[in-house]
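# Examining the three-dimensional arrangement
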Amino acid sequence: CEEREKYEMRLLNSLAIAISMYSKIPVPTVDWNEKNMKYAMCFFPVVGVITGILQFGIGYALLEYTSCGKFFFAAVMSLIPVLVTGGIHLDGYADTIDAISSYGDREKKLQILKDPHTGAFAVIGLCVYFTAVLALWSEAESYMLPIAACMYPLSRALSGISVVSFHPAKNSGLLRTFQDGAQKKRVRIVLIIWACICGGIMLYLGWQQGGTFVAGAAAVIAAALLVFAYYHRMSRKKFGGTTGDLAGYFLQMCELAMLAVIVFAGKII
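Presented here is an overview of the structure given in this document.

### Some words on the packing of aromatic side chains
Inspection of the entire model under this criterion finds 14 aromatic pairs. Each ring, one from F166 and one from Y231, has its centre 5.3 Å from the other, and the planes form 45°; the classification is tilted. With a gap of 65 residues between them, F166 in the loop between α8 (145-165) and α9 (174-181) and Y231 in helix α11 (residues 211-239) connect regions that are remote in the sequence. Among the aromatic residues, those joined into a cluster by ring pairs are Y93, Y129, F130 and Y249.

### Here's the deal with the state of the cysteines
Inspection of the entire model under this criterion finds 0 disulfides. Here C42 stays free of any disulfide, with the sulfur of C198 as its closest cysteine sulfur at 14 Å.

### Considering a nonpolar patch on the surface
A contiguous nonpolar patch, built from I189, I193, I197 and I201 and spanning about 350 Å² of accessible area, is present on the exposed surface. As for its position among the elements, I201 is in helix α10 (residues 184-209).

### A closer look at the pattern of salt bridges
A complete count under the given rule lists 4 salt bridges for this structure. The shortest N-O distance in the salt bridge between K70 and E141 comes to 3.5 Å. With K70 in helix α4 (residues 70-85) and E141 in the loop between α7 (120-138) and α8, the pair connects residues that are 71 residues apart, well separated along the chain. Classification of E141 by relative accessible area gives partly exposed; the value is 27%.

About the cut-offs
- Residues numbered from 1 in each chain as written.
- Predicted model: local features only at pLDDT ≥ 70, side-chain atom pairs only at ≥ 80, totals over all residues.
- Heavy atoms only, no water.
- Phe/Tyr/Trp six-rings, centres within 6.5 Å; stacked < 30°, edge-to-face > 60°.
- Helix = DSSP H or I, 4+ residues; strand = E, 2+ residues; numbered from the N terminus.
- Disulfide = S-S within 2.5 Å.
- Patch = residues over 30% accessible without salt bridge, like charges linked within 9 Å, V, L, I, M, F, W, Y side chains within 5 Å.
- Areas by Shrake-Rupley, 256 points an atom, 1.4 Å probe, with all protein chains shown as cover.
- Salt bridge = Lys/Arg side-chain N within 4 Å of Asp/Glu carboxyl O.
- Buried < 20%, exposed > 50% of the residue type's maximum accessible area, 1.4 Å probe, protein only.

Here is the structure:
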């Protein structure tokens, strides 16, 4: 019984580490030791669940119970994930855009990832990203929100899978810390289950809305997997493996691709 209580406490500590690292949600402070970090990545999608619930609840309220315009709705929906995460994944996205745009060799790209300064291409990339997200959300309808809410835990499940599965580009950094502290096989299994549950919920929601919407939900899942495949190939070819910044880049690109498919598929169907 005592051992079980210790195990449950370690899981709670792992949950606290995951939430404190990948969001601005206040949680109790815990030690970042090896035992507590073993399963922290298992709880990474929890941040996505919280983000998805907020997106669905606030978005549905704005569309159905207020007279706000589509631009205001789109702006709120674009900002919610940033407010929840504090922009940690956008930082990785910006650094990666800078590195890729340098067209330097592998070592040069890795140096740019570590550089705390923001380059011109990162600024341009962020402007393009938010313009695209804002435009897509301005075309969204309330019936698209349930599936859209699922894309946040799915993107984090896939990002977590890459952390414990892909070859690291360097032997230091935050991602390597999680890799060293993770029970890789168990964490990978848990994250795959997370991804399957998210995909299953998307398909179920599509089926509830009608047979043709199942195809749309399947297209959203396919888009996430295609971006995942691109991320794996790109990270190995250009960087020799993955890093925390690259994982953040993938997460943002994955959510953008899924949102695009949700909106376009919803308009076609």
